[in-house]
Amino acid sequence: MAEIFKAYYKSQIGVIEICGNQQGVISILFCNEEVEPGIIPECLRDCVTQLDEYFKGKRKEFSVVLQPQGTAFQRNVWEKLKEIPYGAAIAYTDLAVKIGNEKAVRAVGHANSKNKINIMIPCHRVIGKNGDLTGYAGEVWRKKWLLEHEKLYARFP
């Protein structure tokens with residue numbers, strides 16, 4: 001098993017913990033406690049840089065190698081999440097259709113909730129059928145902020 005490294009990034013909406021190894025990023029999760037960023041391990045520097053560019057409105061796509069940990073179904077859902085354009089949002093029902101099973105709305109929602117690579121696998125871009133900002137592991141207020149942030153910068157090339 002490869003050694004896991006951690007880095008912390010202070011965003012406008014809280015501290016983000018990044019975990020990964022030489023093969024890629026395993027998780028990007030919001031922390032509820034204040035943590036000082038400290039020294040960033042070499043294997044996570046590009047991830048921190050790209051997150052910083054995202055929060056400054058300078059990056060809309062990521063090129064970091066991701067290593068999502070989950071079932072085949074979950075990974076399939078997460079791949080479809082990456083296809084949702086920056087600044088856009090779709091309903092859980094639309095995501096179920098994208099994976100080829102329109103009846104799998106609950107399973108899609110569950111897979112979405114298990115995503116541990118926030119922002120880069122944009123689970124925040126999935127909303128309720130009626131437009132409600134339903135559940136988000138990073139808290140709904142952050143989901144709202146991320147969607148508004150992307151809408152603002154989506155207008156600029």
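Our structure is the block above this text.
Quick caveat, the model's predicted, so the values are computed rather than measured.

**Q** Even after reading the chapter, I still don't get the overall build of the chain, so can you show me in this structure?
**A** Secondary structure assignment for the chain yields five helices and five strands. Reading the chain from its N end, one meets helices and strands in the order β-β-β-α-α-β-α-α-β-α. The proportion of buried residues among the 157 residues of the chain is 43%. Long-range pairs, those at least 24 residues apart, make up 57% of the contacts in the chain with a sequence separation of at least 6.

**Q** How should the packing of aromatic side chains be read in this particular structure?
**A** For any pair of aromatic rings, the description rests on two quantities: the centre-to-centre distance and the angle between the ring planes. Per the stated rule, a full pass over the model turns up five aromatic pairs. For the pair Tyr54 and Phe62, a centre-to-centre distance of 5.7 Å together with 40 degrees between the ring planes defines the contact as tilted. The interplanar angle of 35 degrees and the centroid separation of 5.7 Å between the aromatic rings of Phe55 and Trp145 together place this pair among those described as tilted. With Phe55 in helix α1 (residues 45-55) and Trp145 in helix α5 (residues 140-154), this residue pair connects regions lying 90 residues apart in the sequence.

**Q** Help me understand the pairing of strand β1 (residues 5-11), please; the structure alone is not making it clear to me.
**A** Both faces of the sheet carry side chains from a regular strand, because those side chains alternate between them. Here seven bridges tie β1 to strand β2 (residues 14-21), and the two strands are oriented antiparallel to one another. Looking at the pairing, Phe5 lines up with Gly20 of β2. With antiparallel pairing between neighbouring strands as the criterion, β1 and β2 make up a hairpin whose turn holds two residues.

**Q** How should I be thinking about the side chain of Arg142 in this particular structure?
**A** Among the structural elements, Arg142 can be located in helix α5. When near neighbours in sequence (up to four residues on either side) are disregarded, Arg142 contacts Ile13, Gly14, Phe30, Cys31, Asn32 and Tyr136.

**Q** Honestly, the environment of Leu51 in this entry has me stumped. Any pointers?
**A** Position of Leu51 among the secondary structure elements: in helix α1. Residue Leu51 is classed as buried on the basis of its relative accessible area of 0%. For the pair Leu51 and Ile28, spaced 23 residues apart in sequence, the C-alpha separation works out to 9.9 Å. Excluding its chain neighbours within four sequence positions, the residues that come into contact with Leu51 are Tyr9, Ile16, Ile18, Ile28, Ile119 and Met120.

Reading guide: rules and limits
Residues numbered from 1 in each chain as written. Predicted model: local features only at pLDDT ≥ 70, side-chain atom pairs only at ≥ 80, totals over all residues. Heavy atoms only, no water. Helix = DSSP H or I, 4+ residues; strand = E, 2+ residues; numbered from the N terminus. Buried < 20%, exposed > 50% of the residue type's maximum accessible area, 1.4 Å probe, protein only. Contact = heavy atoms within 4.5 Å. Phe/Tyr/Trp six-rings, centres within 6.5 Å; stacked < 30°, edge-to-face > 60°. Pairing = 2+ DSSP bridges.

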